[in-house]
Amino acid sequence: MAGRPGRDDKPLYEALIDAQKLAFAPLSFHATLALRDLGVLAALAEYRSEGLTAERIAELTRLPLYGVKVLLEAGVVADLIAIEGEVFHLRQLGLLVLRDRMTRVNMDFTADVCYRGMAHLRETITTGKPAGLSELGPWKTIYEGLTQLPPQVQQSWFAFDHYYSDHMFPNALPRVFAERPRRLLDVGANTGKFALGCLEHDPQVHVSLLDHPGQLELARQAIEAKGHGARASYHPIDFLDPSREFPADQDAIWMSQFLDCFGEDEIVSILQRARRALSPQGRLYIVETYWDQQEHAAARFVLTMTSLYFACLANGNSKMYLAEDMRACVQRAGFSIEHELERFSASHTMFVCRPS
């Protein structure tokens, strides 16, 4: 029996086209990477007004004509390239693939970090384990092995992570330091970019950094290179061990795009330890990108797809959360949200929390 169409259903023919795009999505993805990385899109961009024949593209890129034709035709049906007679022109989508930073970061992350591992998604869903992580290394979670990943994979992982966080720091620092904290704890410090920003923003603050040993070593090198080593301390930790307490008497605790790396019960455990580490007047700052609080469809799509990475490669039980899910975890841990700053920086929301 034919299904009843929903109010927003596309016409059947359009939906059929979309279905075939999904069926061949891995092939079109790799064709797009090849068009970008082998210089075909760049050649078309340079001659965008007049266009190029396949023969001329083969000459410019020094690629075999057969391969160029195969890629160009794939680019045409993927809407990256237009064809008029024997001349090919770059379309807007192709230009975005070539030059848009977000698109490049996302494609590199998908290709280098996620692609092989995502073939294990069905096993992940049925077992709750990050089955795809075996394609990268023998760790329980990807965070244990970040500094041991092959150079290209590591580069793409950090580029993805930093792209969605670094631009938010200038907006966050004045808010955090409005309370003039003297001791700040950076939980999930990664390579130390936010900690370094704090040290440079306020010459009086001492920053404690919590993370896996490999990430802390990268952070230490960056902070010491800037001459701030005397005001930083480093605390290696396994966040999944609930017995590992955080350094005490903190005026501020910072968690940026960190809690989405854990399941909800683990989030509550981490937040409870943060509550015990806060000084009586201290505040907890949680910054996340909730997929239901995004203004643009592109952002919602990226965040929701990122949940599949968390499931299949990161740890098997985390995701990009709804804002209400995180509010519930915050309350379970004994905090109240003093201020909620939605999209205070692009796609980020900040919860400013105090112990209940």
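What you are looking at is a predicted structure, and each value in this text was computed from that prediction instead of being measured. (Residues numbered from 1 in each chain as written. Predicted model: local features only at pLDDT ≥ 70, side-chain atom pairs only at ≥ 80, totals over all residues. Heavy atoms only, no water.)

Chemist: What should I look at first to understand the overall build of the chain in this one?
Modeler: Broken down by element type, the chain carries 15 helices and ten strands. If one aligns the C-alpha atoms of the chain with their principal axes, the spans along those axes are about 75 × 60 × 40 Å. Taking all 356 residues of the chain together, the buried fraction comes to 48%. Sequence separation of at least 24 residues holds for 67% of the intrachain contacts in the chain that already meet a minimum separation of 6. (Helix = DSSP H or I, 4+ residues; strand = E, 2+ residues; numbered from the N terminus. Buried < 20%, exposed > 50% of the residue type's maximum accessible area, 1.4 Å probe, protein only. Contact = heavy atoms within 4.5 Å.)

Chemist: Can you help me understand the environment of Asn171 in this one?
Modeler: On the secondary structure map, Asn171 appears in helix α10 (residues 169-177). Sequence separation between Asn171 and Phe344 is 173 residues; the distance between their C-alpha atoms is 7.5 Å. With residues up to four places along the chain from it excluded, the contact list for Asn171 reads Phe344 and Ser345. Within polar-contact distance, the side chain of Asn171 engages the side chain of Ser345 at 3.4 Å. (Polar contact = N/O pair within 3.5 Å; in protein donor to acceptor, adjacent residues only side chain to side chain.)

Chemist: What's the story with helix α11 (residues 193-201) in this structure? I'm lost.
Modeler: The α-helix advances 3.6 residues per turn, and as a result positions three or four apart in sequence lie on the same side. Within α11 the residues assigned to the buried category are Phe194, Ala195, Leu196, Gly197, Cys198 and Leu199. In this fold, the buried residues of α11 make contact with α10, β4 (183-187), β5 (206-211), α12 (213-225), β6 (232-236) and β7 (250-256).

Chemist: For this particular structure, what's the right way to read the sheet that holds strand β3 (residues 87-90)?
Modeler: Hydrogen bonds between backbone groups are what pair the strands of a sheet, and the pairing can be parallel or antiparallel. Strand order across the open sheet formed by three strands is β1-β3-β2, with antiparallel pairing between neighbours. Because the sheet does not close on itself, it has two edges, and the strands there are β1 (52-53) and β2 (81-84). In terms of strand pairing, β2 meets β3 through four bridges, oriented antiparallel. When the sheet's bridge partners are listed, Ala82 is paired in β3 with His89. Packed on one face of the sheet, helix α5 (residues 65-77) meets β2 and β3 and runs near 105 degrees to β2. (Pairing = 2+ DSSP bridges. Axes fitted to C-alpha atoms, helices over the stretch in contact; angles between N-to-C directions.)

Chemist: Honestly, the confidence of the model for the chain in this entry has me stumped. Any pointers?
Modeler: Mean pLDDT over the chain works out to 95, with 98% of the residues at or above the 70 mark. Counting interchain partners and residues more than four positions distant, the pLDDT-below-50 stretch residues 1-5 has zero contacts. (pLDDT = per-residue confidence, 0-100.)

Chemist: Help me understand helix α2 (residues 25-37) in this model?
Modeler: Its 13 residues place the ends of α2 18 Å apart at the C-alpha level, agreeing with the 18 Å of an ideal helix rising 1.5 Å per residue. Listing the buried residues of α2 in full gives Phe29, Ala31, Thr32, Leu33, Leu35 and Arg36. For α2, the elements touching its buried residues are α3 (40-46), α5, β2, α6 (92-99) and α7 (101-114). (Expected span 1.5 Å × (residues − 1).)

Chemist: Looking at this structure, I do not really get the pattern of salt bridges. What am I missing?
Modeler: Side-chain pairs of opposite charge can arise where the charged atoms are in close proximity. Taken as a whole and judged by the stated rule, the model has 19 salt bridges. Via salt bridges that share partners, Glu179, Arg283, Glu338 and Arg354 belong to a single interconnected network. (Salt bridge = Lys/Arg side-chain N within 4 Å of Asp/Glu carboxyl O.)

Chemist: I'm lost on unusual backbone geometry in this one. Help?
Modeler: Residues apart from glycine generally show negative phi values, whereas peptide bonds are mostly found in trans. Of note in the backbone geometry, Asn190 takes a positive phi value of approximately 60 degrees without being a glycine. Checked against the element boundaries, Asn190 lands in the loop between β4 and α11. Among the residues examined, Asn190 registers a relative accessible area of 13% and is labelled buried. Not every positive phi belongs to a glycine, and Gln257 is a case in point at roughly 50 degrees. Note on Gln257: relative accessible area 14%, which makes it buried.

Chemist: Explain the nonpolar core to me, please; I cannot follow it from the model alone.
Modeler: Side chains that are nonpolar tend, in soluble globular proteins, to be buried together. Ile142, Phe246, Met255, Leu271 and Tyr309 are the most contacted members of the largest nonpolar core, which has 56 residues in total. Setting aside its immediate chain neighbours within four residues, Leu271 contacts Met255, Leu259, Leu284, Ile286, Cys329, Val330, Ala333 and Phe335. If you look at the next biggest cluster of nonpolar residues, it comprises 27 residues, including Met168, Phe169, Val176 and Ile223. (Core = buried A, V, L, I, M, F, W, Y, C linked by side-chain atoms within 4.5 Å.)

Chemist: I'm lost on the sheet that holds strand β8 (residues 278-288) in this one. Help?
Modeler: An order of β6-β5-β4-β7-β8-β10-β9 is seen for the seven strands of this open sheet, with the pairing classed as mixed. The open sheet has two free edges, formed respectively by β6 and β9 (335-345), since each of these has just one partner strand. Neighbour-to-neighbour, the strand axes of this sheet turn through a mean angle of 20 degrees, independent of strand direction. Pairing of β9 with strand β10 (residues 348-355), which is carried by seven bridges, proceeds in the antiparallel orientation. When the sheet's bridge partners are listed, Ile337 is paired in β10 with Cys353. Contacts from α10 reach β4, β7, β8, β9 and β10 within the one sheet, and its direction differs from that of β9 by about 150 degrees.

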